[in-house]
Structure formats: C-alpha cells, structure tokens
Amino acid sequence: MIITDLLIIGAGPTGLFTVFEAGLLKIKCHIIDALPQPGGQLAELYPKKPIFDIPGYPAINAGELVDNLMDQIKQFQPGFTLSETAVSLRKIDDDWFEVITNKGTVHRARAVAIAGGLGTFEPRKPDHLDNLAQFEDNGVEYFVKDPEHFRDKKVVIAGGGDSALDWSIFLSNVASEVTLIHRRNEFRGALDSVEKVQALKDQGKINLITPAEVRELKGTNHLEEITIEVNGESQSLATDFFIPLFGLTPKLGELANWGLEIEKNAIKVNNALDYQTNIEGVYAIGDINTYPGKLKLILCGFHEATLMCQSVYSRMNPGKKYVLKYTTVSGVDGFDGSRKEAEKAVVKKID
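Residues numbered from 1 in each chain as written. Predicted model: local features only at pLDDT ≥ 70, side-chain atom pairs only at ≥ 80, totals over all residues. Heavy atoms only, no water.

A. A look at helix α5 (residues 162-171). Buried residues of α5: A164, L165, W167, S168, I169 and L171, and no others. Packed against the buried residues of α5 are β10 (154-158), β11 (177-181), α6 (191-202) and β16 (241-244). (Buried < 20%, exposed > 50% of the residue type's maximum accessible area, 1.4 Å probe, protein only. Helix = DSSP H or I, 4+ residues; strand = E, 2+ residues; numbered from the N terminus. Contact = heavy atoms within 4.5 Å.)

B. Spatial organisation of the packing of α5 against α6. The geometry of α5 relative to α6 is characterised by a closest axis approach of 9 Å and an angle of 40 degrees between their N-to-C directions. It follows that α5 is oblique to α6 by the angle criterion. Read as a crossing pair, α5 and α6 show a hand that is left-handed. Residue-level contacts link L165, D166 and I169 of α5 to S193, V194, K196, V197 and L200 of α6. Within the contact of α5 with α6, the residues separate by chemical class into 5 nonpolar, 1 polar and 2 charged. (Axes fitted to C-alpha atoms, helices over the stretch in contact; angles between N-to-C directions. Parallel < 35°, antiparallel > 145°, perpendicular 65-115°, else oblique. Left-handed = near helix turned anticlockwise from the far one by under 90°. Nonpolar A, V, L, I, M, F, W, Y, C, P; charged D, E, K, R; others polar.)

C. Representation of the sheet that holds strand β21 (residues 289-290) within the structure. Here we have 3 strands laid out as an open sheet, ordered β18-β19-β21, and mixed in their pairing. The open sheet terminates on both sides in strands that have one partner only, identified here as β18 (262-263) and β21. As paired strands, β18 and strand β19 (residues 266-268) are joined by 2 bridges and run antiparallel to one another. Within the sheet, the bridge partner assigned to I262 lies in β19 and is I267. (Pairing = 2+ DSSP bridges.)

Right, here's the structure in full:
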C-alpha cells in the first residue's frame, strides 16, 4: 500500500507542477499515470512540438518542458505509479481516500487531485478506409512520437487543424517529401502556421493538395501507395507513411463512475475558491475540469494547481494559518535536504 498526503492522478504538466506547489507547503505527493513515463500528452503525442504560451519562454519543445518540470520537482521526491490506471475511488473517512489501480495497487491519501488532461483519449480514425487496420504501425501512424522515424521518407499528412499544419511544417525539414491533404481549401489553425505552410508550398518543400480526400491504402507488408480523390478524380500517390490527424476523442473512463459531477465530458469544479469537485477533498485541475470561462491552457492548469494546494494545506492543517512567502526571498527547501535560494550579492563588511 502506498500512503501519501496528496494523490495526483495524471502526470501531465499540471500534475507535475502540482508537486512543486505542494512541496512548498511540505505536502508529500504521489502520482498515478497510465503512460509508462511522466509528461502526459506532451511526452506521448508531441514531445518535439514547440509550445508558445509558457511565460518566460518564447518557444519551448514539449519534451523539454517536461524535463524542466521533472527537474523542478525532484527535490520534493514524489512517488510514481506508472503504466497503471486509477479505476476506483473510495472515501474511507473524513480524512482519507483510497484509490486502486487496474493492477490492484492500493493508494491512500488525505486529498486527491485529478489532473488527467483530457482523460483517456483515442485518435479519430478515417474509418471509411476498409483496410486501415492492416497498415496501422505498418505505415499508418496517428501520432508523431519520434520525428526521426520519418527521416528521408515520403510522408502524407491529412487534416486541417493545428496538428496537421504544425507537423507538416516540422517534417518538411526531416522527410524527403511531405504532402498535406485536406478536404477543404480553408484550414482551421493558427494564422502563423497557415502562412508558414503557404510559404513552404511556394518554396516546393510541401505538396499541398486541396480539396482532396484519401480513399484507399495499398501495399504488401507496408504501406506503399495511397489513392486520393481530387475534384471527383482519382490520383495515386507513392508514400511510406500516412498520418491522419483528425483530432482526439477524449473519454473520462472509470472516472465517470466515481460519483463526480460531469458536464460535457469534463468534471465540474468550484472555480470561485479551490477547484474542488462535488466530493469534498477531491479536486480536478487542468484540461479535465470545467467551469464558467474555462480555458484549456497549460498556464491555466498551473494557476489552478497553485490555488488548489493552498486548499489542501488547509484541509490537512485545520485552524493553522499559512503565511505565503515569496520563493525569491525565502528560497525553496526540498524534501531531499537541499535548499535553493538567491545568491548573496553583497558579502563585504561595512565599517
């Protein structure tokens, strides 16, 4: 049995930053995640994708952000239960919760923070392709985990959103040939990305085919060719990989059976105070929660985690007032005995 102060379900950026904010309050954390490594979607789906809305970073790769968060929290020595999914939540008494995973690992904690991102998620597949399953992992990929996998290969990307645009841009410097296919002429993505694709098309670095749709996959043991329909006419296109990027279908999974108040596949929380759910002592932060004015941004998840940890502290220390101290002044004391603080710039004695 694993016993901790705060049990965090989800090792994405919001879950990881929660460990830091909790550590400042001397709250010990343990994290459960279904993936084999920390980082959530950043590590699993697009570790090389640049993120542009993290304060202080004009741009930072998703994988690098995860590495920085892990480095930031190591002084607080969090525990991890990885490759396991939380399947049940039970309130033992007013002070303790019990969470059991699909592999039977029992966790007990004073409070629970659900930071599961979009929950469990599956790619939206082009199900109109009859032999799609035949080529999955044999030329059909739904995520770009390692761009080097496509080095010097012919790649066809289908989609009209940010992921399709961003990966077309990125892989134009990796693959020998990148073709972007969309069933419409208009793209629903960031204007900057659309303009970059236009520029790369003009330079001959991206083949853009619109409006078009993939109709057939061909190959023996590996994908070799696709058939596309353009203005009612069929065309064949040789390729090594087909990457359909039509978004993800989020699912709450077992969380939906925990008695939480759910709205539009998200967990309702009290955003006026501490992001607590309808179950006292259980919180939801990051993309998995919903409230009026909710924005699904990493920086919003960081904010929610910060306020939530103050509430957990009050729950664990009833009647004890916590006086907020700026880390720039007080430094940071880790559970490993380390201390990080600003260097003393003046050391000379004044006579």
